[in-house]
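So you can see what is in the structure, the chains are spelled out below.
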Amino acid sequence: LEKNREPKQEYLSSRYESDSTWNIFSGGTVFVGLFLGCAFLAMMASCLMFKVLSGASNDIKRYEMLSKIGVRRSLISRSIYVEMFLIFAFPAVIGMIHVLIGMRMFKGFLLAPYYKIWIPFAIFAVIYASYYLITVYLYKGIVLEKEKK
């Protein structure tokens, strides 16, 4: 009975093979994380932008009133930049804190989950700042009356 059984085969992998497999898995995980992160960032910033712009028509009277009482146009424009900055800054800060805390979950998958964390944060800052500037430009075009020449 023992003679008909196939011998047990043991699979021993080399250090190079296991490191190579681990790097492929880690690289795929990082790529998916970056891809989904950029997709969610664009989606979130777009929703925030459209939310602000959809309510801009209600703010026209508010800015007209400020203009009528003598507030300089440059001061109104600066207040729009500050207001939009605060609207955009809060979700950004909460999101970055969430990412920094959530990266601890990947310590079992990635060798150094915080290695070069500044790169995705820099990409985030560039994309988010462009959404902010576009939103401010469009918002100012809606709420501020055109200058008379």
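Preceding this paragraph is the structure being described.
Scope of this entry: the structure provided in the associated data block. Small disclaimer: the values here were computed from a predicted structure and weren't measured.

Digging into the pattern of salt bridges
Logical step 1: Scanning all chains against the criterion turns up 2 salt bridges.
Logical step 2: Note that D59 and R62 form a salt bridge whose closest N and O atoms lie 3.8 Å from each other. With D59 and R62 both in helix α2 (residues 56-68) and 3 residues apart, this pair spans about one turn of that helix.
Logical step 3: A salt bridge links R62 to E83, with the nearest nitrogen and oxygen atoms 3.4 Å apart.

Brief notes about the packing of aromatic side chains
Logical step 1: Following the criterion strictly, the structure yields 5 aromatic pairs and no others.
Logical step 2: Arranged with centres 5.9 Å apart and planes meeting at 75 degrees, the rings of F88 and Y132 form a pair that is edge-to-face. Of this pair, F88 sits in helix α3 (residues 73-102) while Y132 sits in helix α4 (residues 118-143); the two residues are 44 residues apart in sequence, bridging distant segments of the chain.
Logical step 3: For the pair F124 and Y128, a centre-to-centre distance of 5.1 Å together with 20 degrees between the ring planes defines the contact as stacked. With a gap of 4 residues between them, F124 and Y128 both fall in helix α4, about one helical turn apart.
Logical step 4: The exposure class assigned to F124 is buried, which follows from its relative accessible area of 17%.
Logical step 5: With a relative accessible area of 7%, Y128 lands in the buried category.

Reading the values: the criteria
Residues numbered from 1 in each chain as written. Predicted model: local features only at pLDDT ≥ 70, side-chain atom pairs only at ≥ 80, totals over all residues. Heavy atoms only, no water. Salt bridge = Lys/Arg side-chain N within 4 Å of Asp/Glu carboxyl O. Helix = DSSP H or I, 4+ residues; strand = E, 2+ residues; numbered from the N terminus. Phe/Tyr/Trp six-rings, centres within 6.5 Å; stacked < 30°, edge-to-face > 60°. Buried < 20%, exposed > 50% of the residue type's maximum accessible area, 1.4 Å probe, protein only.

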